[in-house]
Amino acid sequence: MRAATQEIPNASSKSLLRFLTCGSVDDGKSTLIGRLLYDTKLIFDDQLATLEKDSKKHGTTGEEIDFALLVDGLEAEREQGITIDVAYRFFTTDKRSFIVADTPGHEQYTRNMATGASNSDAAVILIDARKGVLTQTKRHSYICALLGIRHVVVAVNKIDLMGHSSQVFERIVEDYLAFAAALGFASITPIPISARYGDNVTVRSANMAWYDGPTLLDWLESVDVDTDLAAKPLRFPVQWVNRPNLDFRGFSGTLVSGAVRPGDKVVVASSAKESRVKRIVTYDGDLAEARAGEAVTLTLEDEIDIARGDVITLSTERPEVTDQFAAHVLWMADEAMLPERQYLMRIGCRYVPARITALKHKVDVNTLQHLAGKTLELNEIGFCNVSTATAVAIDPYVDNRDTGAFILIDRFTNATVGAGMIDFGLRRATNVHRQDLSVNKAARSRIKGHKPAVLWFTGLSGSGKSTIANIIEQKLNARGIHTYMLDGDNLRHGLNRDLGFTDADRVENIRRVGEVAKLFTDAGVVVLCSFISPFRAERRMVRELMAEGEFIEIFVDTPIEECMRRDPKGLYARAKEGKIKNFTGIDSPYEPPEQAEITVHSHHTGAEAAAARILDYLEASSVV
Amino acid sequence: MTKTALEQPSAAARPSPLSAHLRRLEAESIAIIREVAAEFAHPVMLYSIGKDSGVMLHLAAKAFYPSKLPFPLLHVDTTWKFRDMIRHRDQIAERYGVKLLVYVNEEGLARGVNPIASGSSLHTQVMKTEALKKALDTFGFDAAFGGARRDEEKSRAKERVFSFRAAGHVWDPRNQRPELWRLYNTKIRQGESIRVFPLSNWTELDIWEYTRAENIPVVPLYFAAPRPVVNRGGLLIMRDDDRLPLLPGEAEEIRKVRFRSLGCYPLSAAIESNAETLDDIIAEMRASRTSERQGRLIDTDEAASMEKKKREGYF
Ligand SMILES: Nc1nc2c(ncn2[C@@H]2O[C@H](COP(=O)(O)OP(=O)(O)OP(=O)(O)O)[C@@H](O)[C@H]2O)c(=O)[nH]1
Ligand SMILES: [Mg+2]
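Quick notes on the rules
- Residues numbered from 1 in each chain as written.
- Chains lettered and ligands numbered in written order.
- Predicted model: local features only at pLDDT ≥ 70, side-chain atom pairs only at ≥ 80, totals over all residues.
- Heavy atoms only, no water.
- Contact = heavy atoms within 4.5 Å.
- Buried area = accessible area lost by both parts, 1.4 Å probe.
- Salt bridge = Lys/Arg side-chain N within 4 Å of Asp/Glu carboxyl O.
- Polar contact = N/O pair within 3.5 Å; in protein donor to acceptor, adjacent residues only side chain to side chain.
- Helix = DSSP H or I, 4+ residues; strand = E, 2+ residues; numbered from the N terminus.
- Pairing = 2+ DSSP bridges.
- Axes fitted to C-alpha atoms, helices over the stretch in contact; angles between N-to-C directions.
- Near = heavy atom within 4 Å.
- Nonpolar A, V, L, I, M, F, W, Y, C, P; charged D, E, K, R; others polar.
- Expected span 1.5 Å × (residues − 1).
- Bend = angle between axes of the 7 residues up to and from the residue.
- Buried < 20%, exposed > 50% of the residue type's maximum accessible area, 1.4 Å probe, protein only.
- pLDDT = per-residue confidence, 0-100.
- Donors = N, O, S within 2.8 Å, 3.2 Å for Na, K, Ca; no water.
- Core = buried A, V, L, I, M, F, W, Y, C linked by side-chain atoms within 4.5 Å.
- Parallel < 35°, antiparallel > 145°, perpendicular 65-115°, else oblique.
- Left-handed = near helix turned anticlockwise from the far one by under 90°.

Engineer: What exactly am I supposed to notice about the interface of chain B and chain A here?
Structural biologist: One frequently used descriptor of interface size is the decrease in accessible area upon assembly of the parts. At the junction of the two partners, chain B supplies 77 residues and chain A supplies 98 residues. Taking both sides of the interface into account, the surface hidden between chain B and chain A amounts to around 7100 Å²; carbon and sulfur atoms contribute 52%. The tally of links from chain B across to chain A stands at ten salt bridges. Linking chain B with chain A are 35 residue pairs in polar contact (both at pLDDT 80 or more), by the criterion used here. In terms of residue count, helix H2 (residues 20–39) of chain B provides more of the side of chain B that touches chain A than any other element does, 13 residues in total.

Okay, here's the thing in structure tokens:
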């Protein structure tokens, strides 16, 4: 049995530094990484030979080696001479191991820069000595600060092109510090470098005798970023329930912070259920203690309900459990963030539907000023109120990166569209100790993130009910709203196969449709019903089955002449020839609604516009 | 320590000689592997028999202990693997008690595709890439683990840990999902899949040091021994069977060689070496001035060939 803290001295028990390079386009980030790899002898002979060949073909440096080509590994990057996506490279020196993320400078690829920053402890922010501080420099600095990076180097690069001038360096540093003071970095270390020629990268530059600070590598080897995660409160998100047989039930996961020992009194954050740790199981034997960063399996003394996504913590150091919190959100999709739209949130090991209920302000990355706004566009950052369908365990991001960060996923495309950092909870969830465990309509609705409703389309045959209903269902589905379509086609062939078109059968048809729709609303679904439903009484009957405000009657008011002209199924023609009896509008009446919630004239406006009006109504009445 | 813990011995109760660095890597990989088991309906672990696969499988055994692996291994067999590799594969499946699926692209075989007559490019395309895609489709896997590392090659350094594949298994490197923190987006639609790389942040040296520390069995071909090779254009190719014809002027000779990277035998070049133990291999690696992929014939076919293959669905 090993004690978890025991460390056998070994050549590679060096500390690890994760850092990124960032800054504006072409400032020399990739060149700098290539240079670091080269100078630390991490480039093998065959790779060097390839590099020389590549530099001739794609290089941006004439006859010289283009070190950026060591990291810009995608075809498109090499062709365009830019970085598109983050590259992760590793190197070691006698003092430390490094994982470096080389990130793109282009604004278009900001999300890839954020990807690189999210797992970094330090940043090297490059500035082209010829250009000084640019918007991208500021944006990247702000994102670094937001993502919790505390220590940065400001590398004033290409100083060779400015005659290795100390004045140039000092002016840029002064500019930068004026901006960055508000960002709250713990340390900012300016270094004048030439990535291309290696000045002050790993060796002190003979060209800049005026500079007496550290080289970049000195700084990387010595910067102290250690946060003692094990000393923080225990957070153990359950990743996987380990159940090999009936006698063993363990909870597998990684301690993201804190430490735990057998016998410790633990609690499931969201349910407040308590137990004690029985064993800390690993393949290499049970542990006497598990600490932050370790992947283990816990077993407990009691059989309590725990599932993937729950957070196990010590009774004495619980996180906040809430379904509303304030957070900074970086938007990463072309399609703008819309308040109230439902997204899927991933926080820890849990997925939960979530909405941004309010955008409090956007941040202007140039001035750090707060701007009013309704939506977040690609690469914009906003401070938002977020609401989740069920309460989740959270910590402020500054206290814990793992329990304070989340991503937002588009419910239709599954793309990762937003990244969030929690600032604080807005109210404690009231349902933590909820006794009533029966699942009802409200509970079903809550996890869907929208209200149920019946969209009842009425109108003559051929008026366009199904066409409009189809458009709406597509749009709702794309927004992650649970829908179901009821129409003659799916009911007449099954449930209502025994019914004809006499008045009595029409009434019974609608009654059954109404009951089915009611079951769907009980399940929390938005039901779209397209039926001629010619009689007011039956429509009222259905309306009365539903809760207040749930039944939305939509009159597709297309004149009969137009319907007859369209006659998509040839029914009017056959009715006029007397081949179909009891045909609405021919030999059976249609009673137009007197108080429809919505009346559309799609023969004038087109089906799309009619659908848009209906969607507006649903939004205005906050169904969706 | 409670009494219960002592009463229940585990698989290997022994002191762990792992450095802090390797423990960090191990924990990260275990978390990635568990994530897949928790989120996907039909995961599979690609098992290529090499040193990386060996480490990956070992990590999976650790991830789920005391449960067994909740997914099978899949070996895409080109029928040109070293015989030692096949032997090793079958022993390993036995040792870890896992289900092993072997898939051969019979159609390619019937067409007579092979690395010698068809060339490495076509052979790889048909017997590896196509075969892999067919196997994934046939079994309906929605997530597949691969043992690739970011330090192997520059387009791999660009790939996510959870790498999204559209229907048809294609990779779009310009349009990868942002992957922040450890919040992997595991959501996919019907027909789409995810390739998962638990060893993304390991280096070749890490792999060997971990193999040594954990005593993970490896194919004997990694250790130097006298073997029959031919010198072809400066590369030492081992004649593992008589399907490799000698070209005019070529002669088979016995040299003390080993392999840094294993694939189809006519496509994997050996290096001359005296490294007979894991310690020797590690010492040799530390002194080496060439990368492991140098001995891989398929990579040098054309510039950016790895990215191209990956876009088509290669691992
Ligand atoms: N003279 C000089 N040129 C440099 C220096 N550093 C980089 N360059 C050149 O600047 C150009 C851009 O370098 P990259 O490393 O690709 O820039 P980058 O910041 O990675 O660019 P993106 O990733 O696309 O934002 C290349 O032609 C480099 O050779 C330097 O210190 N001095
Ligand atoms: Mg770059």
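Next comes the rest of the write-up.
Engineer: Mind showing me how you'd approach the sheet that holds strand S15 (residues 311–314) of chain A here?
Structural biologist: As a general point, the strands of a sheet are linked pairwise by backbone hydrogen bonds and lie either parallel or antiparallel. Ordered in space as S7-S15-S11-S12-S14-S9-S8 (chain A), the seven strands form an open sheet in which the pairing is antiparallel. With one partner strand each, in any of the chains shown, strand S7 (236–237) and strand S8 (240–245) of chain A form the two edges of the open sheet. Looking at chain direction, S7(A) and S15(A) are connected through two bridges and run antiparallel. The residue bridging A:Pro237 from the neighbouring strand is A:Val311, located in S15(A). Strands in contact with H2(B) are S8, strand S9 (248–254) and strand S14 (295–300) of chain A; relative to S14(A), the strand with the most contacts, it is inclined by about 60°.

Engineer: In this structure, what is going on with the site of ligand 1? I would like to understand it.
Structural biologist: Residues and elements named next belong to chain A. In the vicinity of ligand 1, 21 residues are found, and the nearest of them are Lys29, Thr31, Thr60, Thr83 and Asp160. Glycine 28 has a polar backbone atom sitting 2.9 Å from an oxygen atom of ligand 1. Within the backbone of serine 30, an N or O atom sits 2.8 Å from an oxygen atom of ligand 1. Ranked by the residues each element gives to the shell around ligand 1, the list is headed by helix H1 (residues 29–39), at three residues. When the residues that make up the shell around ligand 1 are grouped by side-chain class, the tally is five nonpolar, ten polar and six charged.

Engineer: Help me understand helix H6 (residues 119–139) of chain B in this model?
Structural biologist: Residues spaced three or four apart along an α-helix point in a common direction, a consequence of the helix completing one turn every 3.6 residues. All names here are of chain B. For H6, built from 21 residues, the straight-helix expectation of 30 Å at 1.5 Å per residue is met to within 8% by its first-to-last C-alpha distance of 29 Å. Of all the bends found along H6, the most pronounced is centred on alanine 131 and spans about 30°. For H6, the set of buried residues is Ser120, His123, Thr124, Val126, Met127, Lys128, Thr129, Ala131, Leu132, Lys133, Ala135 and Leu136. Immediately downstream of H6, the backbone of glycine 140 shows phi near 70°, a positive value.

Engineer: Which parts of the structure should I look at to understand the confidence of the model for chain A?
Structural biologist: Segments scoring low in pLDDT should not have their predicted coordinates read at a detailed level. Summarising the model, chain A shows a mean pLDDT of 89, and 96% of its residues fall at 70 or more. Throughout residues 430–436 of chain A the model reports pLDDT below 50, and contacts reaching past four residues in sequence, or to other chains, amount to seven contacts.

Engineer: Would you mind going over the sheet that holds strand S4 (residues 143–145) of chain B with me for this structure?
Structural biologist: Residues and elements named next belong to chain B. Pairing is mixed in the open sheet, where six strands are placed in the order S3-S2-S1-S4-S6-S5. Of all the strands in the sheet, just strand S3 (100–103) and strand S5 (162–165) have a single pairing partner and so form its edges. Averaged over neighbouring strand pairs, the angle between their axes works out to 30° when direction is ignored. Inspection of the sheet shows S4 paired to strand S6 (residues 193–196) by three bridges, in the parallel sense. Note on S6: the bridge partner recorded for alanine 144 is arginine 195. On top of the sheet, helix H4 (residues 83–96) reaches strand S2 (73–76) and S3; it is set at about 150° to S3, its chief contact. In the packing of H6 onto the sheet, contacts are made with strand S1 (43–46), S2, S3, S4 and S6, and the angle to S2 comes to roughly 145°.

Engineer: In this structure, what is going on with the coordination of the magnesium ion (ligand 2)? I would like to understand it.
Structural biologist: The textbook angles at a metal center are 109.5 degrees for a tetrahedron of four donors and 90 or 180 degrees for an octahedron of six. Residue and element names in this part refer to chain A. Those donors, Ser30 (OG) and Thr83 (OG1), are the protein atoms that reach the magnesium ion (ligand 2), and they lie 1.9 to 2.0 Å from it. Pair noted here: serine 30 is in helix H1 and threonine 83 is in the loop between helix H3 (75–80) and strand S2 (87–92), with a separation of 53 residues, a long-range link. An identical accessibility class is assigned to serine 30 and threonine 83; each is buried.

Engineer: Please explain the nonpolar core as it appears in this structure.
Structural biologist: Most often, soluble globular proteins have nonpolar side chains that are buried together. By size, the foremost hydrophobic cluster in this structure holds 83 residues, and its most contacted members are A:Phe19, A:Leu20, A:Val124, A:Leu220 and B:Trp181. Aside from chain neighbours lying at most four places away, what touches B:Trp181 is A:Ser118, A:Asn119, A:Leu147, A:Tyr397, A:Arg401, A:Ala405, A:Phe406, A:Ile407, A:Ala419, A:Gly420 and A:Met421. Judged by nonpolar contacts, the second largest core, of 75 residues, contains B:Ala63, B:Ala93, B:Leu199 and B:Ile237.

Engineer: Help me out: how do you make sense of the packing of helix H4 (residues 110–118) of chain A against helix H5 (residues 135–146) of chain A in this one?
Structural biologist: A packed helix pair is summarised by two numbers, namely the angle formed by the two axes and the spacing between the axes. Residues and elements named next belong to chain A. One can describe the packing of H4 onto H5 by two numbers: an axis separation of 10 Å at closest approach and a directional angle of 40°. Between H4 and H5, the angle is such that the two are oblique. Of the two possible hands of crossing, H4 and H5 adopt the one that is right-handed. Each of Thr110, Met113 and Ala114 in H4 lies in contact with H5, whose residues at this interface are Gln136, Arg139, His140, Ile143 and Cys144.

Engineer: Quick question: what am I supposed to make of the pairing of S9(A) here?
Structural biologist: Every other side chain in a regular strand lies on the same face of the sheet, so the side chains alternate between the two faces. Residues and elements named next belong to chain A. Within S9, seven of the seven residues are buried, which leaves the element mostly enclosed by the surrounding structure. Of the two faces of S9, the one carrying Phe248, Gly250, Ser252 and Thr254 and the one carrying Arg249, Phe251 and Gly253 are both buried. In sequence, S8 turns back onto S9 through a hairpin of two residues. Where S9 and S14 come together, four bridges link them in antiparallel fashion. What sits directly across from glycine 253, in S14, is valine 296.

Engineer: Is there a simple way to explain the pattern of salt bridges in this structure?
Structural biologist: For side chains of opposite charge, pairing can occur when their charged atoms come near one another. This structure, assessed with the given rule, holds 68 salt bridges over all chains. Note that A:Lys362 is salt-bridged to A:Glu380, the shortest N-O span being 3.1 Å. Of this pair, A:Lys362 sits in strand S18 (residues 350–363) while A:Glu380 is found in the loop between strand S19 (370–371) and strand S20 (381–394), placing the two residues 18 residues apart along the sequence. Of the residues examined, A:Lys362 reaches a relative accessible area of 14% and is grouped as buried. Owing to a relative accessible area of 25%, A:Glu380 belongs among the partly exposed residues under this scheme. Its salt-bridge partner being B:Asp279, residue B:Arg212 comes within 2.6 Å of it at the nearest N-O pair. With B:Arg212 in helix H7 (residues 204–214) and B:Asp279 in helix H8 (residues 278–287), this pair connects stretches of sequence that are 67 residues apart. What makes B:Asp279 partly exposed here is its relative accessible area of 44%. One network of salt bridges, in which partners are shared, links A:Arg308, A:Arg346, B:Glu35, B:Glu39 and B:Lys187.

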